[in-house]
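Below, each chain spelled out in residue letters.
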Amino acid sequence: MNISPWASLLGLANRAGKCISGEELVVKAVQKQQAKCVLLSQDASDNTKKKITDKCSFYRVEVKWIENRYSLGNAIGKDQRVVVAVTDQGFAKKLTALLD
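Here the structure is a predicted model, which means the values were calculated and not measured. (Residues numbered from 1 in each chain as written. Predicted model: local features only at pLDDT ≥ 70, side-chain atom pairs only at ≥ 80, totals over all residues. Heavy atoms only, no water.)

## What about the sheet that holds strand 2 (residues 37-41)?
Read across the open sheet, the 4 strands follow the order 1-4-2-3; overall the sheet is mixed. Either end of the sheet is taken by a strand with one partner, and the two such strands are strand 1 (19-21) and strand 3 (62-66). If you compare each strand with its neighbour and ignore which way they point, the axes differ by 25° on average. Here helix 2 (residues 23-31) sits on the sheet and contacts strand 1, strand 2 and strand 4 (83-86); the angle it forms with strand 1, its principal contact strand, is near 130°. Lying on the sheet, helix 3 (residues 46-58) is in contact with strand 2, strand 3 and strand 4; it crosses strand 2 at an angle near 165°. (Pairing = 2+ DSSP bridges. Helix = DSSP H or I, 4+ residues; strand = E, 2+ residues; numbered from the N terminus. Axes fitted to C-alpha atoms, helices over the stretch in contact; angles between N-to-C directions. Contact = heavy atoms within 4.5 Å.)

What follows is the structure in structure tokens.
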């Protein structure tokens with residue numbers, strides 16, 4: 001099983017307690033300016049995509065797109081996740097570089 005570098009790093013960030021998953025929790029983290037980077041699944045509903053991208057653009061938080069909810073959830077050891085926020089600047093910077 002070949003795990004992508006961004007997924008490994010996200011898993012490490014999650015084990016370090018630097019990740020928040022779930023739509024409402026991520027929105028609150030963005031509003032409180034705790035989120036440094038948001039990872040959003042491309043197969044999220046249109047409503048969720050709009051809500052997350054609008055909040056992130058307003059609060060100037062970078063959004064990175066992940067191919068599907070299964071790979072995003074799998075990276076943090078959960079079943080499926082549509083949105084994950086990274087709360088540590090170092091992890092966020094490295095994730096952004098890996099996903100570009």
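From this point on, the discussion continues.
## Some points on the packing of helix 2 against helix 3
The interhelical angle for the contact between helix 2 and helix 3, taken along N-to-C directions, is 15°, at an axis separation of 10 Å. By the angle between their directions, the pair helix 2 and helix 3 is classed as roughly parallel. Considering only the axes of helix 2 and helix 3, their crossing is left-handed. Contacts between helix 2 and helix 3 involve E23, E24, V26, V27, V30 and Q31 from the first element and T48, K51, I52, K55 and C56 from the second. Residues of the contact of helix 2 with helix 3, tallied by class, amount to 5 nonpolar, 2 polar and 4 charged. (Parallel < 35°, antiparallel > 145°, perpendicular 65-115°, else oblique. Left-handed = near helix turned anticlockwise from the far one by under 90°. Nonpolar A, V, L, I, M, F, W, Y, C, P; charged D, E, K, R; others polar.)

## Quick notes on the nonpolar core
Counting 17 residues, the largest nonpolar core has W6, L10, L39, L72, V86 and L95 as the members making the most contacts within it. At the level of secondary structure, the elements contributing two or more residues to this core comprise helix 1 (5-15), strand 2, helix 4 (69-75), strand 4 and helix 5 (89-99). Ranked by residues supplied to this core, first place goes to helix 1 with 5 residues. In contact with W6, not counting residues within four places along its chain, are I66, E67, S71, L72, A75, L95, L98 and L99. Of all hydrophobic cores here, the second largest spans 14 residues; its members include V38, C56, V63 and A85. (Core = buried A, V, L, I, M, F, W, Y, C linked by side-chain atoms within 4.5 Å. Buried < 20%, exposed > 50% of the residue type's maximum accessible area, 1.4 Å probe, protein only.)

## Examining the layout of surface pockets
Estimates place the volume of the largest pocket at around 220 Å³. For the largest pocket, the lining is made up of 11 residues, of which N2, I3, S4, A7 and N74 are closest to its centre. Of all the elements in the fold, those that place two or more residues in the lining of the largest pocket are helix 1 and helix 4. (1 Å grid on protein atoms, 1.4 Å probe; cavity = no way out; pocket = protein on both sides within 12 Å on 5 of 7 lines; lining within 4 Å. Points joined across faces, edges and corners; volume = space filled by probe spheres on them.)

Keep in mind these numbers describe shape, not what the thing actually does.
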